[in-house]
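# Descriptive analysis of the structure
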Amino acid sequence: MHEMALTESIVDIVSDEARKQGFAKVRIVRLQIGAMAHVEPEALRFCFDAVSRGTVAEGATLDIRRLPGEGWCLDCGKTVPLEERFGACPECGRRHVQMTSGDELRVEELEVD
Ligand SMILES: [Zn+2]
């Protein structure tokens, strides 16, 4: 499962930070997930519970923030909101929009004890 691999990298990042910063327990993992990242937050939470077992992230809460998609319309020459990858421009209706954000998945912040 796609979410499983993502969760493993999230737990890796958290464990690395724990080693570097010397904390032993993470309470909250804040994540940013783009609207078009094809990540199911519920599946991510489910995987996280399993993958984090026995690590510093065990029992931590996932705080997931969805980021809206954004693109650059070549016809309008401006930044427009984008609902889907290769979606149409909301201003002119054409499909010459290059996605500039919306597929990110990153650990934004950790709340630790
Ligand atoms: Zn346009």
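Quick note: structure is the one above.
An account of the accompanying structure is given in this report. Keep in mind that what you see is a predicted model, and the values were worked out from it rather than measured.

## Structural notes on the sheet that holds strand 2 (residues 61–67)
- The strand order 2-1-6 describes an open sheet built from three strands, whose pairing is mixed. On the outer flanks of this sheet lie strand 2 and strand 6 (105–112), each paired with one strand and no other. The average undirected angle you get between the axes of adjacent strands in this sheet is 20 degrees.
- The pairing of strand 1 (residues 26–34) with strand 2 spans seven bridges and is classified as parallel. When the sheet's bridge partners are listed, Ile 28 is paired in strand 2 with Thr 61.
- Contacting strand 1 and strand 6, helix 1 (residues 2–21) crosses the sheet at an angle of about 45 degrees to strand 6.
- The strands touched by helix 2 (residues 41–51) are strand 1 and strand 2; relative to strand 2, the strand with the most contacts, the crossing angle is about 155 degrees.

## Concerning the side chain of Thr 7
- Following the sequence through the fold, Thr 7 ends up in helix 1.
- Residue contacts for Thr 7: discarding those within four places in its chain leaves Leu 44, Cys 47, Phe 48 and Val 51.

About the thresholds
Residues numbered from 1 in each chain as written. Predicted model: local features only at pLDDT ≥ 70, side-chain atom pairs only at ≥ 80, totals over all residues. Heavy atoms only, no water. Pairing = 2+ DSSP bridges. Helix = DSSP H or I, 4+ residues; strand = E, 2+ residues; numbered from the N terminus. Axes fitted to C-alpha atoms, helices over the stretch in contact; angles between N-to-C directions. Contact = heavy atoms within 4.5 Å.

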